[in-house]
Structure formats: C-alpha cells, structure tokens
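So you can see what is in the structure, the chains are spelled out below.
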Amino acid sequence: MMTAISQNLTAIQTHIAEAALTAGRAPDEVQLVAVSKTIAAEDIRRAIESGVTVLGENYIQEARAKFEQLSTLPAAWHFIGHLQTNKAKYAVRQFDLIHTVDSSRVAKAINREAAKIDKIQQILIQVNISKEETKAGIETEKVAELAEEIVHLDHLKLKGLMTMPPFFNAPEKVRPFFRRLRETRDQLRQRNLPGVDLAELSMGMTGDFEVAIAEGATLVRIGTAIFGERA
Ligand SMILES: *Cc1c(COP(=O)(O)O)cnc(C)c1O
C-alpha cells in the first residue's frame, strides 16, 4: 500500500533530483535528511521502509526513545538541534553526524565523550550567517578559529558547515545566506586544514531546499514535506 509518507517521499526525491540537475549537479550529490522531530516512531519506521536513509532529530530526550525502537533499521541518525554540553554523551552514542557545533565548549564536550567510547565523531560547524540574536550558530568571522581548534581535537572529524537562515519559506530572500555559507566554506578550504575536506553544506528545508541546492547544499533537512505539518 502506498502511504502518504511514501508518496511524499517520492515527490520530494524527484524535486531534489530536478533541482540538482537544474543546477548542473548530480542528484546523488544531495543527501536527504528526513527531519523527524515530533514524529512518532511508527511513522519514522514507514519512512525508512519507503527509502529514507538519514533521519534528523532535534531533541536528545525525544530521539533516545525513538532510537530504542528503531536502531536496528538501516538508517543513519543526524543531530540537528541545539546541543547542551550535558547531553553530549548521548549525542555521541546515538548520532552519526552532529550538525550544530557552534562553540569551543561544545566541541570539547563532544570530543571528550567520543574519546571515552573510542569513536571519531563527525561534525559540522553551525554558522549564524544572518547574525540574528535568536539564532544559534557561530558568527562567520569566528568560523576559522573554531575550525582550527577542532582540528586539534583527536576524536572529531569536521565535515563541513550548516546554517539556518531567517525568512523561512521565502526562497529568494534566503539565497544570499546560502551563498554566504558556501563562500565561508570555500574560504575555510584555502587554509588547507589537515585531514579536513569540508565537503558538506547542510542547508535548505521544506520551503527553500531548491534554492539551497542551487547554491551547493549537500545535505537538505526536510520535515514537513515528508511527514506533513507538525502538530
Ligand atoms: C525542523 C527543522 C527542519 C525541517 O523543517 P521543515 O520546514 O519541516 O522541512 C530543518 N532543520 C532544522 C534545524 C529544523 O529544526
């Protein structure tokens, strides 16, 4: 039986592929992260059975409960919420990629917990491109300094950058923010940090993923278009 989730997923995968081709990119350069915050484990199971391979969760507590039920299924888990240092232990145990490292303090906490279980934790630096005070993320000007520090933390592997722009659902208004994230990444690359390729750009959600893909996104974080409006 085709469920709404599997139909939504097929539609979104088609749109992602089209957006990539329009931008002159290969569709497999863009990975869909299905954002499952507030979504019940049963619906997440359906999404995985329909072909979702990466899930994005925002809250450690909520994710732990779902993970207990779903951890044997073939999906990677990404943490995309604000990480408190006292939750770093759980983030490291459960998540394959943490998108939201925005301070030296958080980086060190993750590194410490990863060392305890002998894991190399993959991370992204979250950048506050728009400098909104309400937004998490480190300022663009401070990204390089944090990246240099992360390189010296043995149990972290920096994979790229992430951002949450303002103006949700106004795609053309967010384009400059996506572009700035890519430029910030390109500038950081010129530092040739050892062992760091910065391949990933996590940007774009339900309302603006096409623009994000045009500007170079490799990870698009999409919830509503797959699971419907959150309650
Ligand atoms: C909720 C959320 C998303 C997904 O938003 P949709 O508009 O439902 O696609 C993406 N990224 C982050 C960080 C989120 O918190």
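Our structure's up above, just so we're on the same page.
How each quantity is defined
- Residues numbered from 1 in each chain as written.
- Predicted model: local features only at pLDDT ≥ 70, side-chain atom pairs only at ≥ 80, totals over all residues.
- Heavy atoms only, no water.
- Helix = DSSP H or I, 4+ residues; strand = E, 2+ residues; numbered from the N terminus.
- Rg over C-alpha atoms; globule rule 2.2 N^0.38 Å.
- Buried < 20%, exposed > 50% of the residue type's maximum accessible area, 1.4 Å probe, protein only.
- Contact = heavy atoms within 4.5 Å.
- Lys, Arg positive; Asp, Glu negative; His and termini not counted.
- Charge placed at Lys NZ, Arg CZ, Asp CG, Glu CD.
- Pairing = 2+ DSSP bridges.
- Near = heavy atom within 4 Å.
- Polar contact = N/O pair within 3.5 Å; in protein donor to acceptor, adjacent residues only side chain to side chain.
- Areas by Shrake-Rupley, 256 points an atom, 1.4 Å probe, with all protein chains shown as cover.
- Nonpolar A, V, L, I, M, F, W, Y, C, P; charged D, E, K, R; others polar.
- Core = buried A, V, L, I, M, F, W, Y, C linked by side-chain atoms within 4.5 Å.
- Salt bridge = Lys/Arg side-chain N within 4 Å of Asp/Glu carboxyl O.
- Expected span 1.5 Å × (residues − 1).
- Arc of directions from axis to C-beta.

Scanning the protein chain for helices and strands turns up nine helices and eight strands. Scaling as 2.2 N^0.38, a compact globule of 231 residues should have a C-alpha radius of gyration of about 17 Å, and the protein chain matches this with 17 Å. Along the first, second and third principal axes, the C-alpha atoms of the protein chain reach 50 × 40 × 30 Å. A total of 231 residues make up the protein chain; the buried ones form 50% of that total. For the protein chain, restricting intrachain contacts to residue pairs at least 6 apart in sequence, the fraction spanning at least 24 positions comes to 59%. Charged side chains in the protein chain number 29 positive and 30 negative. The centres of these two groups are separated by 4 Å.

Glancing now at the pairing of strand β1 (residues 31–35). Most of β1 sits inside the fold, with four of its five residues counted as buried. The pairing of β1 with strand β8 (residues 219–222) spans four bridges and is classified as parallel. Across the sheet, residue Leu32 finds its bridge partner in β8, namely Val220. Relative to strand β2 (residues 54–57), β1 is paired through two bridges, and the arrangement is parallel.

Glancing now at the site of the ligand. Taken together, Val35, Lys37, Asn58, Ile80, Met164, Met205, Thr206, Arg221, Ile222, Gly223, Thr224 and Arg230 make up the full set of residues near the ligand. Taking Lys37, its side chain carries an N or O atom lying 2.6 Å from an oxygen atom of the ligand. At 2.5 Å, a side-chain N or O of Thr206 approaches an oxygen atom of the ligand. In the complex, 90% of the free accessible area of the ligand, which totals 390 Å², lies under the protein chains. Its residues assigned to classes, the shell around the ligand shows five nonpolar, four polar and three charged.

Core analysis: the largest hydrophobic core is formed by 68 residues, its most contacted members being Ile16, Ile98, Ile110, Ile125, Ile150, Val220 and Ile226. The biggest single contributor to this core is helix α1 (residues 4–22), with six residues. Counting residues in hydrophobic clusters, the runner-up holds six residues, among them Leu97, Leu124, Met162 and Leu219.

Counted according to the given criterion, the structure contains 13 salt bridges. Note that Arg182 is salt-bridged to Glu215, the shortest N-O span being 2.6 Å. Residue Arg182 is found in helix α7 (residues 171–189), and its partner Glu215 is found in the loop between α8 (209–214) and β8; the two are separated by 33 residues along the sequence. Of the residues examined, Arg182 reaches a relative accessible area of 24% and is grouped as partly exposed. The salt bridge partner of Arg185 is Asp186, with a shortest N-O separation of 2.9 Å. Taken together, the salt bridges that share partners define one network made up of Glu172, Arg175, Arg179, Arg182 and Glu215.

We now examine α1. Between its first and last C-alpha, α1 extends 27 Å over 19 residues, near the 27 Å set by a 1.5 Å rise per residue. Among the residues of α1, those classed as buried are Ile5, Ser6, Leu9, Ile12, Ile16, Ala19 and Ala20. On an axial view of α1, the arc spanned by its buried residues comes to 150°, and they lie on one face. In α1, the exposed positions angled more than 90 degrees off the buried face are occupied by Ala4, Leu21 and Thr22. Two residues or fewer after α1 comes Gly24, characterised by a positive phi angle close to 75°.

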